[in-house]
Amino acid sequence: MFTGIVTDMGEVRSLTQAGDLTARIGTSYDTSGIDIGASIACDGVCLTVVDLGEDWFDVQISAETLSKSNLGTWTEGTRINLERALKVGDELGGHIVSGHVDGLAEIVAISDEGDSTRVQFRAPDDLAKFIAPKGSVALNGTSLTVNEVQGAVFGINFIPHTKDATTWGGVAVGDRINLEIDTMARYVARLAEMS
C-alpha cells in the first residue's frame, strides 16, 4: 500500500528485455534500507525490487503490466515518480493507493493559472464514473484532488511544489498517464450496483 505522496524522482538507467522487461532505476533512496522483494511504486505501478546497487534498484515488468500502464513508453533517461511502501505508523498524507493501475488517462489541455498549472485529463469511459469533484485520484503515482468533472474529462490543479517535487513539471498534451481510481469510490459504486 502507498499514499500517493511521491518521495523521490527516479531515472530509468537501462531497459533489458529477456522474458519480462527489467528496468534499472536510479534513485536517491538509501538502498541499504531496501530489501530484495520490497515494493516500490514507480509512476504509480507497484513493482518488486529484484536487484540493488548503491544508487539504483532493478524491477521486472510483466507483459500484463505493460499492457495496462504507460511503462512501455519508458526509455533511458525517463524521469519517474517513486514512493516506497507504507510502514505501520507512517503518516497517511495522500489517500490509500494500491499501485494497481486501472487504466490510462490522456492529457487534453494544460493552462497556467497564477503560479499553478491546471491540467485536464480524459479518463476511459468505464472509469469516468468513479471520478468526482473534490475526490481523490492517483495519477502517475501522485495523490491528487479532482477540481472539476465534465463527462469523462476532469481537471487537476498543480501547485509549484508538486511540479518541482514530481515529474508533473514536464508533462505535455497527449501524454498518457497511469490512472488509479480511489478505492472507496470503487466500493461505493459496487454497493450502489447491488442495491
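About the thresholds
Residues numbered from 1 in each chain as written. Predicted model: local features only at pLDDT ≥ 70, side-chain atom pairs only at ≥ 80, totals over all residues. Heavy atoms only, no water. Helix = DSSP H or I, 4+ residues; strand = E, 2+ residues; numbered from the N terminus. Rg over C-alpha atoms; globule rule 2.2 N^0.38 Å. Buried < 20%, exposed > 50% of the residue type's maximum accessible area, 1.4 Å probe, protein only. Contact = heavy atoms within 4.5 Å. Areas by Shrake-Rupley, 256 points an atom, 1.4 Å probe, with all protein chains shown as cover. Lys, Arg positive; Asp, Glu negative; His and termini not counted. Charge placed at Lys NZ, Arg CZ, Asp CG, Glu CD. Polar contact = N/O pair within 3.5 Å; in protein donor to acceptor, adjacent residues only side chain to side chain. Pairing = 2+ DSSP bridges. Core = buried A, V, L, I, M, F, W, Y, C linked by side-chain atoms within 4.5 Å. Axes fitted to C-alpha atoms, helices over the stretch in contact; angles between N-to-C directions. Salt bridge = Lys/Arg side-chain N within 4 Å of Asp/Glu carboxyl O. Phe/Tyr/Trp six-rings, centres within 6.5 Å; stacked < 30°, edge-to-face > 60°. Lys NZ or Arg CZ within 6 Å of the ring centre and 35° of its normal.

(A) Local environment of the overall build of the chain. If you tally the helices and strands in the chain, you get four helices and twelve strands. Taking 195 residues into account, the globule formula puts the C-alpha radius of gyration at 16 Å, and the chain, at 17 Å, falls close to it. In the chain, buried positions account for 44% of the 195 residues. Long-range contacts, defined here as pairs at least 24 residues apart, represent 68% of the contacts in the chain between residues at least 6 apart. As presented, the chain carries roughly 9800 Å² of accessible surface, and 50% of it is formed by carbon and sulfur atoms. Of the side chains in the chain, 14 bear a positive and 28 a negative charge, and the two mean positions are spaced by 5 Å.

(B) The arrangement of the side chain of H95 in detail. Among the structural elements, H95 can be located in the loop between strand 6 (79–84) and strand 7 (103–113). With a relative accessible area of 8%, H95 lands in the buried category. Looking at H95, its side chain comes within polar contact range of the side chain of S143, at 2.7 Å. Non-local contacts of H95, meaning those with residues more than four positions away in its chain, are made with F2, T3, G4, S136, V137, A138, S143 and D182.

(C) Structural detail: the pairing of strand 8 (residues 116–122). Burial within strand 8 is extensive, with five of its seven residues counted as buried. Summarising the sheet, strand 7 and strand 8 pair through seven bridges and their orientation is antiparallel. The partner of A109 across the bridge, within strand 8, is Q120. Direction of pairing for strand 8 relative to strand 11 (residues 153–158): antiparallel, over a ladder of six bridges. Its bridge partner lying in strand 11, R122 is registered against V153.

(D) The arrangement of the nonpolar core in detail. Counting 23 residues, the largest nonpolar core has F121, V137, L139, F154, I156, W168 and L179 as its most contacted members. Once residues lying within four places of it in the same chain are set aside, the contact partners of I156 are T117, R118, V119, F121, V137, L139, L144, T145, V146 and N147. Counting residues in hydrophobic clusters, the runner-up holds 20 residues, among them I25, I40, V49 and I61.

(E) Examining the sheet that holds strand 10 (residues 142–150) more closely. On the basis of which strands lie adjacent, the closed barrel formed by six strands has the order 7-8-11-10-9-12 and antiparallel pairing. If you compare each strand with its neighbour and ignore which way they point, the axes differ by 45 degrees on average.

(F) Region of interest: the pattern of salt bridges. Considering all chains together, one arrives at six salt bridges under this definition. Put simply, R13 and D55 hold a salt bridge, and the shortest N to O gap is 3.0 Å. Of this pair, R13 sits in strand 1 (residues 8–18) while D55 sits in the loop between strand 4 (45–52) and strand 5 (56–61), and the two are 42 residues apart along the sequence. The class of R13 is partly exposed, set by a relative accessible area of 37%. Relative accessible area serves as the criterion here: at 32%, D55 is assigned to the partly exposed category.

(G) Summary view of the environment of E106. You can see E106 is positioned in strand 7. For the pair E106 and I159, spaced 53 residues apart in sequence, the C-alpha to C-alpha distance is 20 Å.

(H) Up close: the packing of aromatic side chains. Within the structure shown, the criterion is met by three aromatic pairs. Seen from their ring centres, F158 and W168 are 4.6 Å apart, and the 25 degrees between their planes marks the pair as stacked. Note that F158 is positioned in strand 11 and W168 in the loop between helix 3 (160–165) and strand 12 (176–181), a separation of ten residues in sequence. Here F158 falls in the buried class, since its relative accessible area comes to 1%. W168 sits in the buried class, given a relative accessible area of 4%. Of the aromatic side chains, those joined through ring pairs into one cluster are F121, F154, F158 and W168. One residue, R24, lies across the ring of W56, its end atom 3.5 Å from the ring centre.

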